[in-house]
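Close look at the chain arrangement
Chain by chain, the residues:
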Amino acid sequence: MSSANAWLLDVGDGRQVAIGQRELIQIMDAQDSFEVPLAPAHMREVIFWQKRAVPVMQLPLRLGGQACTGNILALVAFHDVVSNSAGLGAIHLAAPPVRVLVDDNQASSLDETGWEDMAISCFEQQGQSIPVLDLSRLFAAAH
């Protein structure tokens, strides 16, 4: 049986997701974000990090829910398959990330629709299905 470390992210609206241990770069204050007029509602903000504009994702809005009102951003890194380079994104959080150990026995299917284009897999944690985000697909439109 194999296991892996992951970050459990509370993205608000009663939703939790996970990302790989090495995909979380930094936790930031959401007040440092700037609104982008006419951008899609789920990606209407950007932050600036090391002279780069980084899109900020509101996952609940993308799924048709209520926006996360927390003041925390998770800066994440991923392999951008379009440009074949490192990509950056940020995700609004309702609470600080929690590190979890996940093993093969926790594998499950996605209960909720809408995650097909954003999740690479899913696991069960305390009776709840937790989608594991595919950050490259999630932020593909922003790069």
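About the thresholds
Residues numbered from 1 in each chain as written. Predicted model: local features only at pLDDT ≥ 70, side-chain atom pairs only at ≥ 80, totals over all residues. Heavy atoms only, no water. Helix = DSSP H or I, 4+ residues; strand = E, 2+ residues; numbered from the N terminus. Rg over C-alpha atoms; globule rule 2.2 N^0.38 Å. Areas by Shrake-Rupley, 256 points an atom, 1.4 Å probe, with all protein chains shown as cover. Lys, Arg positive; Asp, Glu negative; His and termini not counted. Charge placed at Lys NZ, Arg CZ, Asp CG, Glu CD. pLDDT = per-residue confidence, 0-100. Disulfide = S-S within 2.5 Å. Pairing = 2+ DSSP bridges. Buried < 20%, exposed > 50% of the residue type's maximum accessible area, 1.4 Å probe, protein only. Contact = heavy atoms within 4.5 Å. Core = buried A, V, L, I, M, F, W, Y, C linked by side-chain atoms within 4.5 Å.

Notes on the overall build of the protein
On a plain count of helices and strands, the protein comes out with 2 helices and 11 strands. Seen in sequence order, the protein has helices and strands lined up from the N terminus as β-β-β-β-β-β-α-β-β-β-β-β-α. Since a compact globule built from 143 residues should have a radius of gyration of about 15 Å, the 14 Å found for the protein is in line with a globular shape. Based on the C-alpha atoms only, the size of the protein along its principal axes is roughly 45 × 30 × 25 Å. As presented, the protein carries roughly 7700 Å² of accessible surface, and 50% of it is formed by carbon and sulfur atoms. Looking at the protein, you have 8 positive and 16 negative side-chain charges, and the mean spots of the two groups are 9 Å apart.

Examining the confidence of the model for the protein
When pLDDT is averaged across the protein, the result is 90; 97% of the residues are at 70 or more. Here helix α2 (residues 135-138) is the element of the protein with the lowest mean pLDDT, 91, and strand β2 (residues 15-20) is the one with the highest, 95.

A closer look at the state of the cysteines
Here, the word disulfide means a covalent bond between the sulfur atoms of two cysteines. Taken as a whole and judged by the stated rule, the model has 0 disulfides. Counting only cysteine sulfurs, Cys122 is the nearest neighbor of Cys68, a cysteine outside any disulfide, at a range of 20 Å.

Focus: the sheet that holds strand β5 (residues 45-49)
Reading across the sheet, the 6 strands line up as β3-β7-β8-β6-β5-β4 and stay open at both edges, with mixed pairing between neighbours. Two strands in the sheet have a free side with no partner beyond their single neighbour: β3 (24-29) and β4 (34-35). Pairing of strand β6 (residues 52-57) with strand β8 (residues 85-93) involves 2 bridges; the strand directions are parallel. By the bridge assignment for β8, Met57 is matched with Ile91.

Description of the side chain of Ser136
In this fold, Ser136 is placed in helix α2. Judged by its relative accessible area of 11%, Ser136 falls in the buried class. For Ser136, the contacting residues outside a window of four places in its chain are Phe78, His79, Asp80 and Val81.

What to know about unusual backbone geometry
Not every positive phi belongs to a glycine, and Leu38 is a case in point at roughly 70°. Its identity as a non-glycine residue notwithstanding, Gln126 has a phi of 50°, on the positive side.

A look at the nonpolar core
One finds Leu59, Ile91, Trp115, Leu133, Leu135, Leu138 and Phe139 to be the most contacted residues of the largest nonpolar core, which totals 22 residues. Only β1 (3-12), β2, β7 (72-80), β8 and α2 provide two or more residues apiece to this core. Ranked by the residues each element gives to this core, the list is headed by β7, at 4 residues. With near-sequence residues (within four places) excluded, Ile91 lies in contact with Leu9, Val11, Met57, Leu59, Ile72, Leu73, Ala74, Val76, Leu133, Leu135, Leu138 and Phe139.

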